[in-house]
Amino acid sequence: MVTFFSANEVAELAMRIEQKGQAFYLLAADEAKDPAAKEFFEFFAEEESRHELFFRDMRDRIGSIEIPPGSDYEEYTQYVMALVDSHDVFNFDYTAAFKDEDFNFEQAVRAAMRFEKDTILLFTELKRMVPDTERKFVEECIDEERKHLRMLAEKLS
């Protein structure tokens with residue numbers, strides 16, 4: 001059975017990912033013992049909040065355009081849903097992890113890196129599912145997620 005998306009549903013999915021990322025970073029900031037680590041994670045929480053607003057504006061601009069019809073659409077939809085289902089932000093219990101005495105700053109950064117990497121991959125695919133006029137904005141968000149991944153990696157080196 002083919003599952004059809006509307007463009008605004010794609011934007012809603014992106015908003016949910018950003019909301020979950022923000023929740024993770026706020027939790028990491030709250031659990032951080034070091035003020036510099038707290039500030040580091042708060043920065044990322046603000047970035048995720050900003051991205052959520054970006055996708056909210058996109059959702060409002062594009063309405064309910066159906067996307068994209070085609071002979072391979074069912075297979076592509078299954079692929080995108082597999083990406084969503086495997087996205088770390090939806091499958092890792094961050095709250096429990098932060099309560100584990102062994103979960104430390106480095107592990108939080110590594111979890112954040114997985115989140116950012118998964119988001120880059122998913123947004124790269126979602127970019128194909130929005131109108132042409134919106135793709136440049138999604139690409140800007142992908143570029144920012146790449147920057148976040150680099151910033152996180154620098155904390156480990």
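Structure: see above.
Residues numbered from 1 in each chain as written. Predicted model: local features only at pLDDT ≥ 70, side-chain atom pairs only at ≥ 80, totals over all residues. Heavy atoms only, no water.

For the rest of this paragraph, the subject is the packing of aromatic side chains. Evaluated as defined, the whole model comprises twelve aromatic pairs. Residues F40 and F41 carry aromatic rings whose centres are separated by 5.5 Å and whose planes lie at 65° to one another, so their mutual orientation is edge-to-face. For the residue pair F40 and F41, the accessibility class agrees, reading buried in each case. A cation over a ring is seen here: R61 above F137, with NZ or CZ 5.2 Å from the ring centre. The ring of F40 has K155 lying over it, and the distance from NZ or CZ to the ring centre is 4.9 Å. (Phe/Tyr/Trp six-rings, centres within 6.5 Å; stacked < 30°, edge-to-face > 60°. Buried < 20%, exposed > 50% of the residue type's maximum accessible area, 1.4 Å probe, protein only. Lys NZ or Arg CZ within 6 Å of the ring centre and 35° of its normal.)

Attention now moves to the pattern of salt bridges. Pairs can form between side chains of opposite charge once their charged atoms are near each other. Applying the stated criterion across every chain, the model contains 13 salt bridges. A salt bridge links E52 to R56; the nearest nitrogen and oxygen atoms lie 2.6 Å apart. In this pair, E52 and R56 are both assigned in helix 2 (residues 35–62), four residues apart and thus about one turn of the helix distant. What makes R56 partly exposed here is its relative accessible area of 27%. Residues K127 and E139 are paired through a salt bridge, measuring 2.5 Å at the closest nitrogen-oxygen approach. Of the two residues, K127 sits in the loop between helix 6 (105–126) and helix 7 (132–156) while E139 sits in helix 7, which places them twelve residues apart along the sequence. By sharing partners, the salt bridges in this structure join K127, E139, D143 and R146 into a single network. (Salt bridge = Lys/Arg side-chain N within 4 Å of Asp/Glu carboxyl O. Helix = DSSP H or I, 4+ residues; strand = E, 2+ residues; numbered from the N terminus.)

Counting 34 residues, the largest nonpolar core has Y25, F41, F55, M58, F123 and L152 as the members making the most contacts within it. Counting only elements with at least two residues in this core, the list comes to helix 1 (7–31), helix 2, helix 6 and helix 7. With sequence-adjacent residues up to four places away left out, Y25 is seen in contact with F41, F44, A45, E48, A112, F115, E116 and L152. (Core = buried A, V, L, I, M, F, W, Y, C linked by side-chain atoms within 4.5 Å. Contact = heavy atoms within 4.5 Å.)

This brings us to the environment of N104. Looking at the secondary structure, you find N104 in the loop between helix 5 (94–99) and helix 6. Overall, the relative accessible area of 40% leaves N104 in the partly exposed class. Through-space distance from the C-alpha of N104 to that of A32 is 8.6 Å; in sequence the pair is 72 residues apart. Side-chain polar atoms of N104 contact the backbone nitrogen of Q107, separated by 2.9 Å. (Polar contact = N/O pair within 3.5 Å; in protein donor to acceptor, adjacent residues only side chain to side chain.)

Further remarks concern the packing of helix 2 against helix 7. With their axes 11 Å apart at the nearest point, helix 2 and helix 7 run at an angle of 170° to one another. The angle between the axes of helix 2 and helix 7 places the two elements in the roughly antiparallel class. Here helix 2 contributes F40, F43, F44, E47, E48, R50, H51, F54, F55, M58, R61 and I62 to the contact with helix 7, which in turn contributes E134, F137, V138, C141, E144, E145, H148, M151, L152 and K155. (Axes fitted to C-alpha atoms, helices over the stretch in contact; angles between N-to-C directions. Parallel < 35°, antiparallel > 145°, perpendicular 65-115°, else oblique.)

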